[in-house]
Amino acid sequence: MTPAVVLTIAGSDSGGGAGIQADLKTFAALGVYGVSVVTAITAQNTLGVTGVHAVPAAMVAAQLDAVLDDFEVAAVKVGMVPDRAVAEVIAARAARLPNLVVDPVLVATSGSRLSAVASVEPLLAYPRVLTPNRHEAGALLGGRPVTSVAEVESAAEELARRGGGAVVVTGSESALDILHCDGTTTHLPGDAVDTANNHGSGCTFSSAIAVRLALGDRVPVAVRAAKSYVTNALRGGKDWKLGAGPGPLNHFV
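Residues numbered from 1 in each chain as written. Predicted model: local features only at pLDDT ≥ 70, side-chain atom pairs only at ≥ 80, totals over all residues. Heavy atoms only, no water.

**Notes on the packing of helix 1 (residues 19-29) against helix 7 (residues 201-214)**
Spelled out, the test is: Each axis is a line fitted through C-alpha atoms, taken for helices only over the stretch in contact, and angles between the N-to-C directions span 0 to 180 degrees. Numbering of helices and strands runs from the N terminus, with a helix taken as a DSSP run of H or I at least four residues long and a strand as a DSSP run of E at least two residues long. Put simply, angles under 35 degrees are roughly parallel, angles over 145 are roughly antiparallel, angles from 65 to 115 are roughly perpendicular, and the rest are oblique. Left-handed describes a crossing in which the near helix is turned anticlockwise from the far one by less than a right angle; the clockwise case is right-handed. The criterion used for residue contact is that any of the two residues' heavy atoms lie within 4.5 Å. Polarity classes work like this: nonpolar for Ala, Val, Leu, Ile, Met, Phe, Trp, Tyr, Cys and Pro, charged for Asp, Glu, Lys and Arg, and polar for all others, with Gly in that last group.
The N-to-C vectors of helix 1 and helix 7 enclose an angle of 40°; their axes lie 9 Å apart at closest approach. Judged by the inter-axis angle, helix 1 sits oblique to helix 7. Of the two possible hands of crossing, helix 1 and helix 7 adopt the one that is right-handed. Every residue of helix 7 that contacts helix 1 at Gly-19, Ala-22, Asp-23, Thr-26 and Phe-27 is listed here: Cys-203, Thr-204, Ser-207, Ala-208 and Val-211. Across the contact of helix 1 with helix 7, the residue classes tally to 5 nonpolar, 4 polar and 1 charged.

Okay, here's the thing in structure tokens:
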């Protein structure tokens with residue numbers, strides 16, 4: 001049986017824990033065929049990011065057109081967008097990007113800044129699902145604090161209203177994610193995993209949502225399935241000793 005095709009548009013992580021590498025591992029683990037468009041090359045490991053080289057927008061466009069002209073893509077995950085020109089390339093092809101999941105990657109787990117809000121804004125009107133963490137949700141709303149549950153609920157609702165799709169604000173260490181979909185806000189509690197190895201968890205979450213949408217799940221079902229997958233991946237890699245900083249997840253548990 002031919003697998004569904006899922007596209008990741010994201011940056012490369014030389015340490016292999018996040019970005020394109022995490023996305024393709026997630027796709028493989030969940031049984032779909034992954035294709036990719038690289039938006040940036042980063043020099044990074046578990047300790048941080050030491051360099052970022054943005055791929056020129058024309059080359060991003062060439063990669064994207066090559067994929068879309070040959071493959072029947074069932075879902076798309078967008079991660080790191082290094083500049084506004086790249087975002088505009090993606091936005092111009094939004095009608096050809098089904099089940100679009102946008103992970104507004106602004107800062108790496110290590111704290112290194114990867115892109116600015118202005119670089120992400122052209123995409124905010126198009127996603128079927130937007131997956132910011134609490135810090136990113138606040139940044140997208142002008143830098144206001146998003147810490148309490150009430151603030152997260154409000155942020156999810158406002159971002160959904162602005163974009164028209166669903167929004168899930170991830171709770172990071174609290175393991176409480178909040179989903180706003182079709183006018184309804186839902187709390188998605190989870191089991192916090194006691195581990196420092198969480199590098200790439202956001203990339204993995206958004207990629208897993210894209211997979212489940214490609215396979216026909218409704219958004220709430222896709223989000224819950226992705227949350228379960230990430231929790232298991234965190235558990236599977238919690239005792240790994242890969243690098244001196246926060247290590248990756250075990251995508252193949």
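**Re the packing of helix 2 (residues 57-68) against helix 3 (residues 84-92)**
Look at helix 2 against helix 3: their axes get within 9 Å of each other, and the N-to-C directions meet at 25°. When the axis of helix 2 is compared with that of helix 3, the two are roughly parallel. For the pair helix 2 and helix 3, the crossing hand works out as right-handed. Here Ala-57, Val-60, Ala-61 and Leu-64 of helix 2 lie close against helix 3, whose contacting residues are Ala-85, Val-86, Val-89 and Ile-90. Broken down by class, the residue content of the contact of helix 2 with helix 3 amounts to 8 nonpolar, no polar and no charged.

**Comments concerning the pairing of strand 8 (residues 177-181)**
The condition that has to hold: Only protein chains enter the accessibility calculation, which uses a 1.4 Å probe; a residue is then buried when its area is under 20% of its type maximum, exposed when over 50%, and partly exposed in between. Between any two strands, pairing holds if DSSP finds at least two bridges.
Across the 5 residues of strand 8, 5 count as buried, placing the element largely inside the fold. Across the two faces of strand 8 the burial is the same, with Asp-177, Leu-179 and Cys-181 and Ile-178 and His-180 all buried. Relative to strand 8, strand 7 (residues 166-169) runs antiparallel, the two sharing 3 bridges. Bridging across to strand 8, Val-169 finds its partner in Ile-178. Alignment of strand 8 against strand 9 (residues 184-188), held across 5 bridges, turns out to be antiparallel. When the bridges of strand 9 are listed, His-180 appears paired with Thr-185.

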